[in-house]
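What the coordinates show
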Amino acid sequence: MPGRAVPEFIADAEQMFNLFDAYRERYEFDETLLIEAPLESQLLGGPHTLVGRPDRVVRYQSKLWHVQNRTLSDRTVMPVYLAAAERDLHELAYAYLIQRHFKLHQDQYGGTLMNIVRKVSKKKLAEDPDAAFVQEFIPIAPEQVAEAIEDIIQVADDMEAIVAGRRRAVQNRDGDKGRFGNRFSPYFEVR
């Protein structure tokens, strides 16, 4: 309903706007090296190129870090979210790109600083402004980066084979019942 969407959008925008006044960076970085700059690198000398645009790359305590800006619901379970970030394909791909771009040895890359703004109510923001913000360093292990790049190469090889007609795409049967498992996917009848 277009009539209902406008007030919801305005309320959401107002909520986010209120957060700007309460935001502060908790860490002072030695320097900012990149902001939203496109990076690319061939994947292990193969035919595929990985492309990404990290939010911000900083030097902090002699290591490079990717500052990843996110907004999340106040219902997101932060310990689970932050622990899973160590294996997040997005962050592991950025680690690969940043290390290649700056020609870093793996011990010169720290990982990701998750800079998260949580969508809290005005009341919660007034009571505890810091509750809306999470700034957490997530170390990235070199072996996780290597495994992620292998996974990306496998997916890229599979996509190339599908496009070339050498194999068919694997069906995502778990998606047949929709995101929440309570209705058919719009593509159910096509398959």
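Provided above is the structure to which this section pertains.
These remarks concern the structure in this document. Everything quoted here is computed from the prediction, not taken from an experiment.

**Quick notes on helix 3 (residues 89-101)**
- In this model, helix 3 (13 residues) spans 18 Å end to end at C-alpha, consistent with the 18 Å of a helix rising 1.5 Å per residue.
- Residues of helix 3 that are buried include every one of Glu91, Leu92, Ala93, Tyr94, Ala95, Tyr96, Leu97, Ile98 and Gln99, and no others.
- Where helix 3 is buried, its residues meet strand 2 (39-42), strand 3 (49-52), strand 4 (56-60), strand 5 (63-73), strand 6 (109-119) and helix 5 (142-163).
- Looking at where helix 3 begins, the residue whose side-chain oxygen comes 2.8 Å from the main-chain nitrogen of His90 is Asp88.
- Positive phi shows up at Lys103, right after helix 3, with a value of about 50°.

**Quick word on the sheet that holds strand 4**
- Reading across the sheet, the five strands line up as 1-4-5-6-7 and stay open at both edges, with mixed pairing between neighbours. Looking along the sheet, the strands with just one partner apiece sit at the ends: strand 1 (31-35) and strand 7 (133-139). Shown here is a sheet whose adjacent strand axes are inclined to one another by a mean of 30°, direction ignored.
- Where strand 6 lies against strand 7, seven bridges are found, and the strand directions are antiparallel. Opposite Leu113, over in strand 7, you have Phe137 as the bridge partner.

**Quick notes on the side chain of His48**
- Along the polypeptide, His48 turns up in the loop between strand 2 and strand 3.
- Residue classification places His48 among the buried positions, given a relative accessible area of 11%.
- Engagement of the side chain of His48 in a polar contact is seen with the side chain of Asp157, the distance being 2.6 Å.
- Contacts of His48, omitting those with residues within four sequence positions, involve Ser41, Gln42, Leu43, Ile153, Ala156, Asp157 and Glu160.

**A closer look at the packing of aromatic side chains**
- Across all of its chains, the model carries six aromatic pairs by this definition.
- Summarising the aromatic geometry, the rings of Tyr27 and Phe137 are spaced 4.7 Å apart at their centres and angled 70° between planes, so their arrangement reads as edge-to-face. With Tyr27 in the loop between helix 1 (2-22) and strand 1 and Phe137 in strand 7, this residue pair connects regions lying 110 residues apart in the sequence.
- Aromatic side chains Tyr60 and Phe137 sit 5.1 Å apart centroid to centroid with 15° between the ring planes, which places their arrangement in the stacked category. With a gap of 77 residues between them, Tyr60 in strand 4 and Phe137 in strand 7 connect regions that are remote in the sequence.
- The class for Tyr60 is buried, based on a relative accessible area of 15%.

**Description of the environment of Thr76**
- Mapped onto the secondary structure, Thr76 falls in the loop between strand 5 and helix 2 (78-84).
- A C-alpha to C-alpha distance of 19 Å links Thr76 and Glu91, two positions 15 residues apart in sequence.
- Every residue in contact with Thr76, bar those within four places of it in the chain, is listed here: Tyr81 and Arg118.

**Some words on the environment of Lys124**
- Mapped onto the elements, Lys124 comes out in helix 4 (residues 122-127).
- Between the C-alpha atoms of Lys124 and Leu113, which are 11 residues apart in sequence, the distance is 24 Å.
- The contacts of Lys124, once residues within four sequence positions are left out, are Pro129 and Ala131.

So, how was this worked out
- Residues numbered from 1 in each chain as written.
- Predicted model: local features only at pLDDT ≥ 70, side-chain atom pairs only at ≥ 80, totals over all residues.
- Heavy atoms only, no water.
- Helix = DSSP H or I, 4+ residues; strand = E, 2+ residues; numbered from the N terminus.
- Expected span 1.5 Å × (residues − 1).
- Buried < 20%, exposed > 50% of the residue type's maximum accessible area, 1.4 Å probe, protein only.
- Contact = heavy atoms within 4.5 Å.
- Polar contact = N/O pair within 3.5 Å; in protein donor to acceptor, adjacent residues only side chain to side chain.
- Pairing = 2+ DSSP bridges.
- Axes fitted to C-alpha atoms, helices over the stretch in contact; angles between N-to-C directions.
- Phe/Tyr/Trp six-rings, centres within 6.5 Å; stacked < 30°, edge-to-face > 60°.

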